[in-house]
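The lines below spell out each chain.
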Amino acid sequence: MLVAPDGQAPRLTERNSGLGPISNNKGNPMKAVLCKAFGPAENLVIEEVDSPQIKKSEVLLDVHAAGVNFPDTLMIEGKYQFKPPFPFSPGGEAAGVVAAVGEKVTHLKVGDRVMGLTGWGSFAEQVAVPGDSVLPIPPTMDFDTAAAFSMTYGTSMHALKQRANLQPGETLLVLGASGGVGLAAVEIGKAMGAKVIAAASTAEKLEVAKQAGADELINYTETSLKERLKELTAGQGVDVIYDPVGGQLFEEAFRSIAWNGRMLVVGFAAGEIPSLPANLPLLKGASLIGVFWGSFARRQPHDNAANFKQLFELHAEGKLKPLVSQTFALEKAADAITTLAQRRAVGKLVVKVR
Ligand SMILES: NC(=O)c1ccc[n+]([C@@H]2O[C@H](COP(=O)([O-])OP(=O)(O)OC[C@H]3O[C@@H](n4cnc5c(N)ncnc54)[C@H](OP(=O)(O)O)[C@@H]3O)[C@@H](O)[C@H]2O)c1
């Protein structure tokens, strides 16, 4: 169910309020991973705190599993656009069971299996989430998969559908193709009928992209992206480029774009926000297109709900197979963040809370 009985689509957006998991009110005791000051993941602690009190528009989730995302690595270091008040729990998305429902939330009830975009707070036994950021999980999807699904597949679907208008038969280049959003883009690109060229930094990572359906592979630490793309596209260039990496690959990739091509600016995992000489889009008749899924979901909730309906159908048909490559106990959540930050993850990492 993606549209609530009152006709309002649940929004599944990133939370942008100052809510953390920690309440001044006395709730039940729960275990939570806490960030008490900005710094590396090894500074995180696990403590017993009061569970959150929900507002009228929120639901309380018993967290079963929490997805690990790149923003978690930035948020604990104070390098992300949202800076929650201390102490806070990291963890931007969760899957679990509804434990309590605020009186203004009409599309959910206690006991529902759901996934929620929390922004932060999911590395804890319970988290309070705005009701419009919560969606029921399809019956065929387990909690680990659900915890790994919304951020990456929501982003890549929006990028390829609304932003790039990817067409069957077009070529799609995915940089960082074995990472969270990258691997989702490979699968969704294949499901949309594109020829997918996966690019990544190691042979092992490329093998992961191949298993997800990529047609061609490029190791950009060993091979010139430009030369290989020229060969693979018979000199025509690629129609759509999906870039969650940034850094020096950005301009190199753009120089290989086709006439009428679209380059998607998704993220800057390499740490450097690149710039591009403005004559390049002119000469190529190509577009540089920004992607901000959290904002899209807030501003266009019905379009986002339609995307998730399609994603759940593709999952049920077996066309999307989210890869959870490693799971971590709540006590080891810091290791999960470190693994991601050190570029060692493939697919998704999940913290198992229950
Ligand atoms: N725009 C949006 O709406 C939106 C939504 C979600 C995420 N994002 C952004 O997308 C980016 C990727 O997020 P993710 O969760 O998919 O991360 P991820 O799983 O860690 O994937 C990032 C990939 O980037 C590559 N990379 C290159 N240099 C890196 C470095 N120094 N450190 C880490 N990775 C590096 C890695 O692939 P190789 O080793 O193969 O190069 C890695 O697989 C982040 O910047 C995130 O903030 C944007």
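Only a predicted model underlies this, so the values are computations on that prediction, with no experimental measurement involved. (Residues numbered from 1 in each chain as written. Predicted model: local features only at pLDDT ≥ 70, side-chain atom pairs only at ≥ 80, totals over all residues. Heavy atoms only, no water.)

Trainee: What is the right way to look at the packing of helix α3 (residues 150–163) against helix α4 (residues 180–191) in this model?
Mentor: Relative placement of two packed helices is described by the angle separating their axes and the distance separating the axes. At a minimum axis distance of 8 Å, the contact between α3 and α4 shows a crossing angle of 55 degrees. Relative to α4, α3 is oriented oblique. Between α3 and α4 lies a crossing whose hand is right-handed. Between α3, through T152, Y153, T155, S156, M157 and L160, and α4, the contact on the second element is made entirely by G180, V181, A184, A185, E187, I188 and G189. (Axes fitted to C-alpha atoms, helices over the stretch in contact; angles between N-to-C directions. Helix = DSSP H or I, 4+ residues; strand = E, 2+ residues; numbered from the N terminus. Parallel < 35°, antiparallel > 145°, perpendicular 65-115°, else oblique. Left-handed = near helix turned anticlockwise from the far one by under 90°. Contact = heavy atoms within 4.5 Å.)

Trainee: Please clarify how the nonpolar core should be interpreted in this entry.
Mentor: Most often, soluble globular proteins have nonpolar side chains that are buried together. The biggest cluster of nonpolar side chains holds 50 residues, and the ones touching the most others in it are F149, L160, L172 and L264. Taken together, domain 1 (6–149 + 322–352) and domain 2 (152–294) each give at least three residues to this core, which thus spans both. Here L172 is in contact with L160, L166, A185, G189, A194, K195, V196, I197, V240 and Y242, once residues within four sequence places are set aside. (Core = buried A, V, L, I, M, F, W, Y, C linked by side-chain atoms within 4.5 Å. Buried < 20%, exposed > 50% of the residue type's maximum accessible area, 1.4 Å probe, protein only. Domains from an automatic or database assignment.)

Trainee: Explanation requested: the domain arrangement of the protein chain in the structure shown.
Mentor: You'll often see interface size given as the accessible area lost when the parts meet. What the domain assignment reports for the protein chain is domain 1 (6–149 + 322–352) and domain 2 (152–294). Opposite the 16 residues of domain 1 that make contact, domain 2 presents 16 residues. Buried area between domain 1 and domain 2, both sides added, is near 1,200 Å², and the carbon and sulfur share of it is 61%. Contact with domain 2 buries surface across domain 1, with F149, R343 and V346 losing the most and accounting together for 34% of the total. Where domain 1 meets domain 2, there are zero salt bridges. Across the contact surface, domain 1 and domain 2 share five residue pairs in polar contact (both at pLDDT 80 or more). Here the side of domain 1 that touches domain 2 is composed, by residue class, of nine nonpolar, four polar and three charged. (Buried area = accessible area lost by both parts, 1.4 Å probe. Salt bridge = Lys/Arg side-chain N within 4 Å of Asp/Glu carboxyl O. Polar contact = N/O pair within 3.5 Å; in protein donor to acceptor, adjacent residues only side chain to side chain. Nonpolar A, V, L, I, M, F, W, Y, C, P; charged D, E, K, R; others polar.)

Trainee: Got a minute to help me understand unusual backbone geometry in this structure?
Mentor: The phi angle of most residues is negative, glycine excepted, and most peptide bonds adopt the trans form. Residue P87 is bonded to the preceding F86 through a cis peptide linkage, with omega at -10 degrees. Position of P87 relative to the elements: it lies in the loop between α1 (70–75) and β4 (93–101). Not every positive phi belongs to a glycine, and A234 is a case in point at roughly 50 degrees. You can see A234 is positioned in the loop between α6 (225–232) and β11 (238–243). Overall, the relative accessible area of 63% leaves A234 in the exposed class. Despite not being glycine, N260 shows a phi value in the positive range, around 70 degrees. Inspection of the secondary structure puts N260 in strand β12 (residues 257–265).

Trainee: Looking at this structure, how should I read the pattern of salt bridges?
Mentor: Oppositely charged side chains may form a pair once their charged atoms are brought near each other. Enumeration according to the criterion identifies 12 salt bridges in this entry. Here K352 makes a salt bridge to D144, at a shortest N to O gap of 2.8 Å. A residue pair is termed long-range when its members are at least 10 positions apart, and K352 in strand β15 (residues 348–352) and D144 in helix α2 (residues 143–147) qualify at 208 residues. For K352, a relative accessible area of 36% corresponds to the partly exposed category. For the salt bridge of E231 with R228, the shortest nitrogen-to-oxygen distance reads 2.6 Å. Of this pair, E231 and R228 are both found in helix α6, three residues apart, which corresponds to roughly one turn of the helix.

Trainee: Help me understand the sheet that holds strand β9 (residues 195–200) in this model?
Mentor: Each strand in a sheet pairs with its neighbour through backbone hydrogen bonds, running either in the same direction (parallel) or in the opposite one (antiparallel). Strand order in the open sheet formed by six strands is β10-β9-β8-β11-β12-β13, and the pairing between neighbours is parallel. The sheet is open, and its two edges are formed by β10 (216–219) and β13 (287–290), each paired on a single side. Taking each pair of neighbouring strands and ignoring which way they run, the sheet shows an average axis angle of 20 degrees. Direction of pairing for β9 relative to β10: parallel, over a ladder of four bridges. Its bridge partner lying in β10, A200 is registered against N219. Sitting on the sheet, α3 touches β8 (171–175), β11, β12 and β13, and the angle it makes with β11 is about 150 degrees. Running over the sheet, α4 touches β8, β9 and β11 and is turned about 165 degrees from β8. (Pairing = 2+ DSSP bridges.)

Trainee: Looking at this structure, I do not really get the packing of aromatic side chains. What am I missing?
Mentor: Two descriptors summarise a pair of aromatic rings, namely the distance from one centre to the other and the angle between the planes of the rings. If you walk through the whole model with that rule in mind, you get nine aromatic pairs. Ring centres of F38 and F86 lie 4.7 Å apart, and the angle between their planes is 65 degrees; on these two criteria the pair is classed as edge-to-face. You can see F38 sitting in the loop between β1 (29–34) and β2 (45–50) and its partner F86 sitting in the loop between α1 and β4, a full 48 residues away along the chain. With a relative accessible area of 35%, F38 lands in the partly exposed category. Between the aromatic rings of Y80 and F82, the centroid separation amounts to 5.7 Å while the plane-to-plane angle is 70 degrees, which identifies the pairing as edge-to-face. (Phe/Tyr/Trp six-rings, centres within 6.5 Å; stacked < 30°, edge-to-face > 60°.)

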